[in-house]
Amino acid sequence: MKLEDAKILICDDSILARKQLKTMISSFGACSVIEAENGQEAIDKYNEEPADIVFLDIVMPVKDGVTATREIVAQHPSAVIIIASSIGTKEQLKNAIEAGARDFIQKPFSAHNIQRIVEARFDH
């Protein structure tokens with residue numbers, strides 16, 4: 001699958017973080033980017049329209065990233081979830097990986113790291 005044809009879900013309670021990540025991913029060729037602002041909204045949007053890759057903040061209101069990861073993966077075992085966090089502890093990151101997250105990226109976002117993750121999953 002090509003990145004231009006992929007659906008990407010970005011979930012972060014910070015509108016600025018969502019905008020930065022969306023701008024980066026779009027600059028690499030993504031056309032379909034869906035946004036959510038909390039873990040429950042990410043679960044609901046994923047269930048409505050499964051994304052090819054999900055970038056999920058770990059610390060959010062309503063449901064955190066670990067809980068959202070666990071719930072998405074329980075219903076969609078092949079979901080590709082990337083945890084993004086600036087303040088995630090090692091314990092939280094361990095829990096996220098155990099819940100089914102495939103990778104982790106540190107905030108503030110580095111274009112190089114985002115590009116590496118995206119290119120590893122899509123043809124370019």
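None of these values were measured; they are calculated from a predicted model. (Residues numbered from 1 in each chain as written. Predicted model: local features only at pLDDT ≥ 70, side-chain atom pairs only at ≥ 80, totals over all residues. Heavy atoms only, no water.)

Engineer: Talk me through the pairing of strand β3 (residues 53-57); I want residue IDs and the actual numbers.
Structural biologist: Summarising burial for β3: five of the five residues are buried, a large majority. As paired strands, strand β1 (residues 7-11) and β3 are joined by four bridges and run parallel to one another. Counted as the bridge partner of I10 is F55 from β3. For β3 and strand β4 (residues 81-85), the ladder comprises four bridges, and the chain directions are parallel. Within β4, the position partnered with L56 by the bridge is I83. For the crossover from β3 across helix α3 (residues 65-75) to β4, the handedness is right-handed. (Buried < 20%, exposed > 50% of the residue type's maximum accessible area, 1.4 Å probe, protein only. Helix = DSSP H or I, 4+ residues; strand = E, 2+ residues; numbered from the N terminus. Pairing = 2+ DSSP bridges. Right-handed = clockwise from strand over helix to strand, strands pointing away.)

Engineer: An account of helix α1 (residues 15-27) is requested, with residue identities and associated values reported.
Structural biologist: Between its first and last C-alpha, α1 extends 18 Å over 13 residues, near the 18 Å set by a 1.5 Å rise per residue. Residues of α1 that are buried: A17, R18, L21, M24 and I25. On an axial view of α1, the arc spanned by its buried residues comes to 135 degrees, and they lie on one face. Turned more than 90 degrees from where α1 packs its buried face, I15, L16, K19 and S27 sit exposed. Here the buried face of α1 lies against β1, β2 (32-36), β3 and α5 (111-121). Following α1 by one or two positions, G29 adopts a phi angle in the positive range, close to 120 degrees. (Expected span 1.5 Å × (residues − 1). Arc of directions from axis to C-beta. Contact = heavy atoms within 4.5 Å.)

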